[in-house]
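Here is what each chain is made of, one letter per residue.
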Number of protein chains: 2
Amino acid sequence: MRVDILLLDIVVVLALARLLGMGARLIGQPPVIGEIVAGIVLGPTLLGDVIGQQLFPADLRPVLKGLADVGLVLFMFVVGMELDQKLVRGRGRVAASVSLSSTLLPFGLGCLVALWLAADHDQGRTLPFVLFFGAAMSATAFPVLARILTDRQMHRTRLGGLALACAAIIDVLAWTVLAVVVAIAGTGGSGQWQVALAVPFALVMFLGVRPLLRRMVPAYEKAGRLTPNLLALVLIGLFASAWATEWMHVHFIFGAFLFGAVMPREGAEKLNHEILERLEQLAVLLLLPMFFVVAGMSVDLTTLDLGGVGVLAVILAVAIGGKLGGAYVAARLQRVPGRQAAALAALINTRGLTEIVILSVGLEKGVLDTELYSLMVVMALVTTAMTGPLLSRVYPARQVERDLAEAQRAAAGPRVDRRVLVVVEDPDEVEGLAEIAREQAAGDGSREVVLVHLRPYPAERLEVGLGLSAELAEMAGTMAGLERLAAAIRTEELPVRVVSRFSADVAAELPGLVAGAEPHVIVIAPTAPGQAAVRRAAGRRVTLVDPAERRAVQPAGKDT
Amino acid sequence: MRVDILLLDIVVVLALARLLGMGARLIGQPPVIGEIVAGIVLGPTLLGDVIGQQLFPADLRPVLKGLADVGLVLFMFVVGMELDQKLVRGRGRVAASVSLSSTLLPFGLGCLVALWLAADHDQGRTLPFVLFFGAAMSATAFPVLARILTDRQMHRTRLGGLALACAAIIDVLAWTVLAVVVAIAGTGGSGQWQVALAVPFALVMFLGVRPLLRRMVPAYEKAGRLTPNLLALVLIGLFASAWATEWMHVHFIFGAFLFGAVMPREGAEKLNHEILERLEQLAVLLLLPMFFVVAGMSVDLTTLDLGGVGVLAVILAVAIGGKLGGAYVAARLQRVPGRQAAALAALINTRGLTEIVILSVGLEKGVLDTELYSLMVVMALVTTAMTGPLLSRVYPARQVERDLAEAQRAAAGPRVDRRVLVVVEDPDEVEGLAEIAREQAAGDGSREVVLVHLRPYPAERLEVGLGLSAELAEMAGTMAGLERLAAAIRTEELPVRVVSRFSADVAAELPGLVAGAEPHVIVIAPTAPGQAAVRRAAGRRVTLVDPAERRAVQPAGKDT
């Protein structure tokens, strides 16, 4: 191995992935598109054999693959951690039927296409080939979908929540089906009895390892931070789980995903956030591009002939038609309005990185030949690239604004005689706020308490597909604190509402939000960001209360 | 390559490095000792060929080496970034003579030993062998030294500062000498004209690249955070610089170190802190253990015979004698008291990871054979392990306490008629404090303002050798804010002192520090941690001022 070539490769791969990722962003596409293209550009299709052999000599490929595999383990762990059943809560029926329908239809159609292709491509193992092909048709990229939603501020709308719930369910469905398919493909060989351990292993992870991992939460809270020992423990467990599934002839991605899925959720928001922070940035920036390149190096479109173009057309038709049709029909049957059903279908059609991971598993396990692999990668690119434009068409920006305004109006709530609005600065420090809120809301007539909390976007947002997890984790932690406070105030006569969302500029957005709620009393600390503007906007008809001093202050009082 | 073995290797290496690192800590040694031993344990000395071939098959070694190399690039970058000429400032003369003497003496003695060993070990290239051997004798591990100092709270003493300054100078000396040696060794081959580019390259890095990198600071400040693009830029530049020096037949570690050294310092404390935070944890936890194992796999002590033991004894005598003697004599000549000179010598004798990196370069470049390499690794272990016990002997804990108490007394300062003590909670938010301090210090007689700031230890401390950098970076950022405030208050008649240090428990330590300064007025916000205790400790003879309200408050007033 020549170290200088390895270092040069890292430079070239990082730079090209970054450049094309930024380029994709410029034309309104998710960066992952550019990064996948970077992998293909560095493969045989464009570079040809001469430069390819110089830049990626045969003896270096295992090293690149090793780096890519480590990146993939970290990535799949993050995907598993981002799974959150809270996303599905309250939307279960609609989400379940849309997910099932939009997975089963492309799966079924994919299997039919595979039967047609089997003669040329099944390499003598028809059943695994057909099942794998069907599974590969039915994937949805949760990370890309989440990024598109947040980019358009749609994750605050009802539709965005529904789309996230569907994607989360499809994620579990797709990885489970794929694991089964790979296991079936694995039993083709001889002496591979280990595959029988896959189901017991999953059970042990959920029933045995999950409770053990939960003990990390008190350890983390006691230390007050993610100690190197805790992080080392997670890493060791993660790679051990990945190794175990690989040893069972399934594939290491399932072990990595599973370990992410059994990480503690309840009360572990901060812990998970810190872990993700550490892993995402280096894994995504440094190691994942290696995976794109290793995946791209197997894509060879130079041999594509007219017959291949025909197969590609069929694949695209089935992949897109199956997903869009399955999702749309199921959503309409569940009484989702037409426009929103169409938007949901458009979102769920995005394949992104998830598809590339699935395809490279197929290539590695020998169920997919290079030609079909190349065509399927093109399918992944096309379905991912079409999501943005299609969504803009069926669900334009003004529709998003209308939905957001509606959500805002809903937040204003019904008319009451006295509405006490409490601006919560830090949901972890609410001492005394419950008492003050109840004091202020005392008396006759209809009363209501509204807890308002605007949270700055976490600084650690990533642009590379992942990253919603951090926001979801923070928001979950925030809501827990606010709900505790709400529970402490709420009585039968005194309803409490919680209004909380992320904000790019708390000081600028708070006054509008407060004024929109039409409060009679505002409880706000003089140190709260935006409090001066809130005071000015409130006017003299509103009483302002300083929670530290527990006394009313003049709206026009001096700013400290 | 079998992926399952790679994953298993990662699990075994991580777990063993972590376990032995923790074990080292238990017996009062730096964890790096345990991690180096973990590498040796997994090598041929203990495992033998049978398990070794199973666990680390030949086709997997390049992959492990690739992971180790990436880890080493990140590590050397961190080492380069931790270089800080501020450490040397004000201690230049003493530090320079101690460093020079404690580098030159072991270097010279090492060259003599090498001449003696040359016949058996120089592999036909005497000059590079002799120079390399000398250079390998004279290293000091800055990271290990820094960790020992902070563990003993000694980095706040004069001695600790001096030791850090010496280690910083030795670092630069050792890497420069080593680069020259490797370059000389490189010219032995044919057609390696690129080696001539090494010096121009270093000049371009300092004169051309450094100003370019400085532009990252405004970009960072504008974004308010380390964007993925900025981090990607740093990573691309880092690996490009590492590749360039490797291509010049020097070694990639110099390019990585150099890139760390030319990173912007002025005003870039926060930026660097964020970069280090990202790189350290994963690089140190996940990739560096791979380097330990790759380094350890070349250590073979099974063939050690009586002659070898004799050579080891000579190596140990020269390495320890040269370092201790060189440092002690030079320090005494510079009038450093005997006990402190001895402590300084003991500290500088620690070789740690730095030595292992140097040795693996020698092995890779063919100037060191496996036998000498193994013996030198043992020397690195012995010198690192002896530092703690030796230091405890010549400079016991009660001496450290005495030094700290002296530093505390120096902080109390001279007698004045009116001392205004301002407790600064957040050095970035000091609006109005300057005015209040000047108001309170107005009047006749001698006056003084003391700015006190206790900072909690940053949460991100690492235990694995590195990690001081984060504290130094934070402290530097803190001091900049405090000094700005001091400059705004200071006049010819009104001196201002700044007292700032890290604290494990701000609320507990603040009252003592405040009382020790014997102030007449304390300016402290009611929200400051520990303010209740400060109020109680202050007593009625001290006037307390609330900076938000700009009015005196009763010392015994209600706590809000």
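Residues numbered from 1 in each chain as written. Chains lettered and ligands numbered in written order. Predicted model: local features only at pLDDT ≥ 70, side-chain atom pairs only at ≥ 80, totals over all residues. Heavy atoms only, no water.

- In the nomenclature of an unreviewed UniProt entry, chain A is known as Kef-type K+ transport system membrane component KefB of Thermomonospora cellulosilytica.

A closer look at the environment of M290(B)
All names here are of chain B.
Line of reasoning, step 1. Mapping M290 onto the fold places it in helix α13 (residues 269-297).
Line of reasoning, step 2. The exposure class of M290 is buried, given its relative accessible area of 1%.
Line of reasoning, step 3. In this structure, the C-alpha to C-alpha distance between M290 and A17, residues 273 residues apart in sequence, is 9.3 Å.
Line of reasoning, step 4. Setting aside chain neighbours within four positions, we find M290 in contact with I10, V13, L64, L67 and A68. (Helix = DSSP H or I, 4+ residues; strand = E, 2+ residues; numbered from the N terminus. Buried < 20%, exposed > 50% of the residue type's maximum accessible area, 1.4 Å probe, protein only. Contact = heavy atoms within 4.5 Å.)

A closer look at the relation of the copies chain B and chain A
Relating one copy of the chain to the other requires a rotation about an axis plus a shift along that axis.
Line of reasoning, step 1. Once chain B has been moved 0.1 Å along the axis and rotated by 180°, it coincides with chain A to within an RMSD of 0.2 Å. Expressed as a symmetry operation, the mapping of one chain copy onto the other fits a two-fold axis. Measuring from the rotation axis to each C-alpha of chain B, the shortest distance belongs to V63(B), at 2.2 Å.
Line of reasoning, step 2. Same-surface contact between copies: 98% of interface residues of chain B are shared with the interface of chain A. (Least-squares fit on C-alpha atoms with pLDDT ≥ 70 in both.)

Section: the nonpolar core
Line of reasoning, step 1. F239(A), F133(B) and F239(B) are the most contacted members of the largest nonpolar core, which totals 317 residues.
Line of reasoning, step 2. Ignoring sequence-local partners within four residues, the contact set of F239(B) consists of L7(A), I10(A), V11(A), L286(A), V70(B), V73(B) and L74(B). (Core = buried A, V, L, I, M, F, W, Y, C linked by side-chain atoms within 4.5 Å.)

Quick word on the interface of chain B and chain A
Line of reasoning, step 1. Listed per partner, the contact involves 51 residues of chain B and 51 residues of chain A.
Line of reasoning, step 2. Together chain B and chain A conceal approximately 4700 Å² of surface at their shared face, both sides included; 73% is due to carbon and sulfur atoms.
Line of reasoning, step 3. For chain B, the biggest contributors to the area lost against chain A are L7(B), P228(B) and L282(B); these three give 13% of the whole.
Line of reasoning, step 4. If you look at where chain B meets chain A, you find zero salt bridges. (Buried area = accessible area lost by both parts, 1.4 Å probe. Salt bridge = Lys/Arg side-chain N within 4 Å of Asp/Glu carboxyl O.)

Focus: the confidence of the model for chain A
Residue and element names in this part refer to chain A.
Line of reasoning, step 1. The pLDDT averaged across chain A works out to 82; a share of 87% of its residues lies at or above 70.
Line of reasoning, step 2. Strand β6 (residues 551-553) is the least confidently modelled element of chain A, averaging 63 in pLDDT, while helix α14 (residues 306-333) averages 93, the highest of any element.
Line of reasoning, step 3. For the stretch residues 459-469, pLDDT sits under 50, and the model shows 46 contacts to residues farther than four places along the chain or on other chains.
Line of reasoning, step 4. In the predicted assembly, ipTM is 0.76 and pTM is 0.77. (pLDDT = per-residue confidence, 0-100.)

Focus on the packing of aromatic side chains
Line of reasoning, step 1. One pass over the structure, following the stated rule, counts 12 aromatic pairs over all chains.
Line of reasoning, step 2. Between W175(B) and F257(B), the aromatic rings sit 5.8 Å apart at their centres with planes inclined by 45°, giving tilted as the arrangement. Of this pair, W175(B) sits in helix α8 (residues 158-186) while F257(B) sits in helix α12 (residues 252-261); the two residues are 82 residues apart in sequence, bridging distant segments of the chain. Each of the two residues, W175(B) as well as F257(B), counts as buried.
Line of reasoning, step 3. Taken together, W175(A), F254(A) and F257(A) form an aromatic cluster joined through their ring pairs. (Phe/Tyr/Trp six-rings, centres within 6.5 Å; stacked < 30°, edge-to-face > 60°.)

As for the pattern of salt bridges
Where charged atoms from two side chains of opposite charge approach closely, those side chains can pair.
Residues and elements named next belong to chain A.
Line of reasoning, step 1. If you walk through the whole model with that rule in mind, you get 10 salt bridges over all chains.
Line of reasoning, step 2. For D69, the salt bridge goes to K65, with nearest N and O atoms at 2.8 Å. Of the two residues, D69 and K65 both sit in helix α4 (residues 61-82), four residues apart, roughly one turn of that helix.
Line of reasoning, step 3. A salt bridge links E355 to R351; the nearest nitrogen and oxygen atoms lie 3.8 Å apart. Each member of the pair, E355 as well as R351, is classed as buried.
Line of reasoning, step 4. Via salt bridges that share partners, K65, D69 and E364 belong to a single interconnected network.

What about unusual backbone geometry?
All names here are of chain A.
Line of reasoning, step 1. Positive phi, close to 65°, is recorded for R335, a residue that is not glycine.
Line of reasoning, step 2. Relative to the elements of secondary structure, R335 occurs in the loop between α14 and α15 (338-348).
Line of reasoning, step 3. Residue classification places R335 among the exposed residues on the basis of a relative accessible area of 75%.

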